[in-house]
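Residue-level structure breakdown
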Amino acid sequence: AEVGNQVIAILKHDIDKATRERHLTALFQRAFNTERLGRFVLGRHWNRATPSQQAAYLELFPRYVVELFGRLTGYSGERFEVVNQRSLTPSIDLVNARIVPANGPALNVGFRVGQFNGKPAIVDVTVEGISLILTKRSEFDSVARREGVQSLINHLRRVVSASPSAQHAAAN
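Residues numbered from 1 in each chain as written. Predicted model: local features only at pLDDT ≥ 70, side-chain atom pairs only at ≥ 80, totals over all residues. Heavy atoms only, no water.

1. Focus: the side chain of Q53
So the rule is basically this: Secondary structure elements are taken from DSSP: a helix is a run of H or I of four residues or more, a strand is a run of E of two residues or more, and numbering for both begins at the N terminus. A 1.4 Å probe rolled over the protein chains alone gives each residue an accessible area, and that area as a share of the maximum for its type sets the label: buried under 20%, exposed over 50%, partly exposed in between. Polar contacts, as used here, are pairs of N or O atoms within 3.5 Å; protein pairs need one atom able to donate a hydrogen and one able to accept it. Residues neighboring in sequence count only if both atoms are side-chain atoms. It only takes one pair of heavy atoms within 4.5 Å for two residues to be counted as in contact.
Checked against the element boundaries, Q53 lands in helix α5 (residues 51-70). Since its relative accessible area comes to 14%, Q53 is described here as buried. Here T50 takes part through its backbone nitrogen, which lies 2.9 Å from a polar atom of the side chain of Q53. The contacts of Q53, once residues within four sequence positions are left out, are R48, V149, Q150 and I153.

This is the structure in structure tokens:
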């Protein structure tokens, strides 16, 4: 619930999009186990990637996910509601929530939360029942299989460099 409320607060705050993305990236890196998620999403291609490709991918992956979440910035007047929480396994809990906009239907969001290094970390997010990591794993596998890991990294770099925060950084 705390992370969801922080996301809503960032999205609602009257700041430029580049600053918003920087805040979301920092929150994402604190709340998510980014290395574990990134490696899982890359799947079998992780072991085929060179160390420099692995490093580039892990640097880009959190920023790419923030870019996906940044698409929520079209909402205004959202409310974050925790619907319920339950244990899925001894080490993973599921928190079901809703993002309720001022106008329009609520968006159902689920967070799978595990304990890693003694602190909670989000290990997956579902939106309307669709898993972010499973969807991206399938998408990334398709690109890496057809075009190679470097092509996937180049794609992530293009998406991230087109974001407002990257354009803001390039201008300064």
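2. Observations concerning the packing of aromatic side chains
Stated precisely, the cut-off is as follows: Two rings from Phe, Tyr or Trp (for Trp, the six-membered ring) form a pair when their centres are within 6.5 Å of each other. A pair whose planes differ by under 30 degrees is stacked, one over 60 is edge-to-face, and the rest are tilted.
Enumeration over the complete set of coordinates arrives at four aromatic pairs. Here the aromatic rings of W46 and Y57 are separated by 6.5 Å at their centres, their planes lie at 65 degrees, and the arrangement is edge-to-face. In this pair, W46 sits in helix α4 (residues 45-48) while Y57 sits in helix α5, placing the two residues 11 residues apart along the sequence. Comparing W46 with Y57 shows no difference in burial state: the two are buried. Where Y57 meets F140, the ring centres are 6.3 Å apart and the plane angle is 80 degrees; that geometry is what we call edge-to-face. Here Y57 is found in helix α5, whereas its partner F140 is found in helix α6 (residues 132-147), with 83 residues between them in sequence. Of the two residues examined, Y57 and F140, each falls in the buried class.

3. A few points about helix α7 (residues 149-161)
The test is simple: A helix's residues, less one, multiplied by 1.5 Å, set its expected span.
Between its first and last C-alpha atoms α7 spans 18 Å; for 13 residues at 1.5 Å apiece the expected length is 18 Å, and the two agree. Taken as a whole, α7 has its buried residues at V149, S151, L152, I153, L156, V159 and V160.

4. Quick word on the nonpolar core
Side chains of a nonpolar character, in soluble globular proteins, are inclined to be buried together. The test is simple: Take the buried Ala, Val, Leu, Ile, Met, Phe, Trp, Tyr and Cys residues and link them wherever side-chain atoms come within 4.5 Å; each set so joined is a nonpolar core.
One finds F32, Y57, F61, Y64, F111, F140 and L156 to be the most contacted residues of the largest nonpolar core, which totals 37 residues. Elements represented by at least two residues in this core include exactly α2 (17-31), α3 (34-42), α5, β2 (92-100), β3 (107-116), β4 (119-127), α6 and α7. Considering each element in turn, this core owes the most residues, eight residues, to α5. Residue contacts for F61: discarding those within four places in its chain leaves T34, L37, G38, V41 and F140.

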